[in-house]
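Breakdown of the fold
Spelled out from the first residue to the last, the chains are:
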Amino acid sequence: MPTVVTIKKTETTAGDLATYSGTINMLDYIAQNPIILNCLVHAKSCDRQKHTPVFFEISPKPYNHQMWQQLNSLESNFKCEE
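Owing to the predicted nature of the structure, the values given are computational and were not obtained by experimental measurement.

1. What about the environment of Met-26?
- Summarising the element assignment, Met-26 is placed in strand 2 (residues 18-28).
- In sequence terms Met-26 and Met-1 are 25 residues apart; their C-alpha atoms lie 7.0 Å from each other.
- Setting aside residues up to four positions removed in sequence, Met-26 forms contacts with Met-1, Thr-3, Asn-33, Pro-34, Ile-35 and Leu-37.

2. Description of the pattern of salt bridges
- For the structure on display, the rule yields 1 salt bridge.
- One salt bridge in this structure joins Asp-16 and Lys-44, with 2.8 Å as the shortest N-O distance. With a gap of 28 residues between them, Asp-16 in the loop between strand 1 (4-10) and strand 2 and Lys-44 in the loop between strand 3 (33-43) and strand 4 (54-59) connect regions that are remote in the sequence.

3. Topic: the side chain of Lys-44
- Among the residues examined, Lys-44 registers a relative accessible area of 8% and is labelled buried.
- Here Asp-16 takes part through its side chain, which lies 2.8 Å from a polar atom of the side chain of Lys-44.
- Leave out the neighbours within four places in its chain, and Lys-44 touches Ala-14, Gly-15, Asp-16, Leu-17, His-51, Thr-52, Pro-53, Phe-55 and Glu-75.

How each quantity is defined
Residues numbered from 1 in each chain as written. Predicted model: local features only at pLDDT ≥ 70, side-chain atom pairs only at ≥ 80, totals over all residues. Heavy atoms only, no water. Helix = DSSP H or I, 4+ residues; strand = E, 2+ residues; numbered from the N terminus. Contact = heavy atoms within 4.5 Å. Salt bridge = Lys/Arg side-chain N within 4 Å of Asp/Glu carboxyl O. Buried < 20%, exposed > 50% of the residue type's maximum accessible area, 1.4 Å probe, protein only. Polar contact = N/O pair within 3.5 Å; in protein donor to acceptor, adjacent residues only side chain to side chain.

Here you go:
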């Protein structure tokens, strides 16, 4: 089974340079079954450090599942070092 990734630009989340969402269709190598992973990608800017951190949130759970709240809190609490 080939891995198929679909990513598209979505409405930019506050604090992001850009935000993307998509799916990853792949084989769960442990269970040997197809699996679909949902994905959110957050590109941030740390101008003073001249870095562009990118956060990948990936879960097989639907976007309305509480797991996404936990994943979003990791990204939203990120701060560039001063």
